[in-house]
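Below are the chains, spelled out letter by letter.
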Amino acid sequence: MKTKQDGLLNLYRMFRSKLALAGLLCLFCVNMATQSAFAHQQKLALSKVVYNPRANTLEVMHRFELHDAEHAVKEIFGNQADIIQSHETQSQFAEYVYARFGLYRKDDTPIKLTPIGFEVDGKHFWVYQEAPAPDTLEGIQVVHNALRDIWFAQTNTVNIEVGKDIDTLTFTDNTEVLSVDFR
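Since we're looking at a predicted model, the values are computed, not measured.

Residues and numbers for the overall build of the chain, please.
A tally of helices and strands in the chain yields three helices and 10 strands. The secondary structure elements of the chain, listed N-terminal to C-terminal, are α-β-β-α-α-β-β-β-β-β-β-β-β. Counting every position in the chain, which comprises 183 residues, the buried fraction comes to 34%. Put simply, 60% of the contacts in the chain that link residues at least 6 apart link residues at least 24 apart. As displayed, the chain offers around 11600 Å² of accessible surface, 56% of which is attributable to carbon and sulfur atoms.

Which residues make up the nonpolar core, and what values go with them?
Counting residues in hydrophobic clusters, the biggest one holds 19 residues, and the most contacted among them are Phe64, Ile83, Phe93, Tyr96, Val97, Val127 and Leu147. Contributing elements (two or more residues each) for this core: α2 (66–77), α3 (87–100) and β6 (124–132).

Hey, could you go over the pairing of strand β5 (residues 114–121) for me, with residue numbers and the actual values?
Both faces of the sheet carry side chains from a regular strand, because those side chains alternate between them. Here β5 runs beside β6; their pairing, made up of seven bridges, is antiparallel. From the neighbouring strand, Glu119 faces β6, where its bridge partner is Trp126.

Give me the lowdown on the environment of Ala55, citing residues and values where you can.
Along the chain, Ala55 falls in the loop between β1 (44–52) and β2 (57–65). Among the residues examined, Ala55 registers a relative accessible area of 44% and is labelled partly exposed. Note: C-alpha distance between Ala55 and Ala133 (78 residues apart in sequence) is 8.8 Å.

Can you explain α2? Please cite residues and give values.
Taking 1.5 Å per residue, 12 residues should reach 16 Å; α2 reaches 16 Å between its end C-alpha atoms and fits that length. Residues of α2 that are buried include every one of Leu66, Asp68, Ala69, Ala72 and Val73, and no others. When α2 is viewed along its axis, its buried side chains cluster within an angular range of 140° and face the same direction. Where the residues of α2 are buried, they touch β1, β2, α3, β5 and β6.

Tell me about the packing of aromatic side chains, and name the residues and values.
On inspection of all chains with the given rule, the structure shows five aromatic pairs. Residues Phe118 and Phe125 carry aromatic rings whose centres are separated by 6.1 Å and whose planes lie at 25° to one another, so their mutual orientation is stacked. Residue class for Phe118 comes out partly exposed when judged on its relative accessible area of 23%. For Phe125, a relative accessible area of 0% translates into the label buried.

Lay out the sheet that holds strand β3 (residues 101–105) in plain terms, naming residues and giving numbers.
One open sheet holds the four strands; their spatial order is β4-β3-β7-β10, and the pairing between them is antiparallel. Sheet topology places β4 (110–111) and β10 (178–181) at the edges, where each strand pairs with a single neighbour. Bridge count between β3 and strand β7 (residues 139–144): five bridges; the pairing is antiparallel. Within β7, the position partnered with Arg105 by the bridge is Ile140.

Parameters at a glance
Numbering of residues starts from 1 in every chain and runs along the sequence as written. Where local features are concerned, this predicted model is filtered to residues with pLDDT of at least 70; where side-chain atom pairs are given and counted, the filter is 80 or more; whole-chain, interface and lining totals use all residues. As a rule here, side-chain values cover all heavy atoms of the structure and leave hydrogens and water aside. Under the scheme used here, helices are H or I runs from DSSP no shorter than 4 residues and strands are E runs no shorter than 2 residues, and both carry numbers assigned from the N terminus. We call a residue buried when its accessible area falls under 20% of the maximum for its residue type, exposed when it is over 50%, and partly exposed in between, using a 1.4 Å probe and counting protein chains only. Between two residues, a contact is recorded if the distance between any of their heavy atoms is within 4.5 Å. Exposure was quantified through the Shrake-Rupley algorithm and a 1.4 Å probe, taking into account, for residues, occlusion by the shown protein chains and nothing else. Only buried Ala, Val, Leu, Ile, Met, Phe, Trp, Tyr and Cys residues count toward a nonpolar core, and they belong to the same one when joined by side-chain atoms within 4.5 Å. For two strands to count as paired, DSSP must find a minimum of two bridges between them. Expected helix span is given by 1.5 Å per residue-to-residue step, counting one fewer step than there are residues. Note that the arc is defined by the directions from the helix axis to the C-beta atoms. Classification of ring pairs rests on two measures: the distance between centres of Phe, Tyr or Trp rings, Trp counted by its six-membered ring, which must be within 6.5 Å, and the angle between planes, read as stacked under 30 degrees, edge-to-face over 60 and tilted in between.

Structure, rendered in structure tokens:
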């Protein structure tokens, strides 16, 4: 014989299982929305030029969103390109960056940058360069066109650190050359 209490217990169990199912469904939807948001291309790159007085060098570090780099290498090098697994693709992308980034003295004399390397680190792809610091450096001009020849919306930000001073240059739209004075 079923009691009123058994009926309420069954109703509670049914409600609890539907609530658990609804909760799981909500978690699934939130997870999909989050993955979709993270999978969206950022079209942003951040570079840093740092004067190292101990080594008397200018050290350059470029950080690209790995998702952006994945899309870029497919467009630049073809569908077989794989920046995550292929050392060859990583090397090609680093060469691509080296060719599209430059430092110049105020008189337009190039500062010769030497490629140092590259790496995948979490959600980022890093490219490294360095140059001996010029004896006198009143300022520099910077060119940073990596990925800007692919996507007009690409924004490349360059932070230049000399001593305690940090200057920020932002390459957007048709910006080709930006400069910083050290005084």
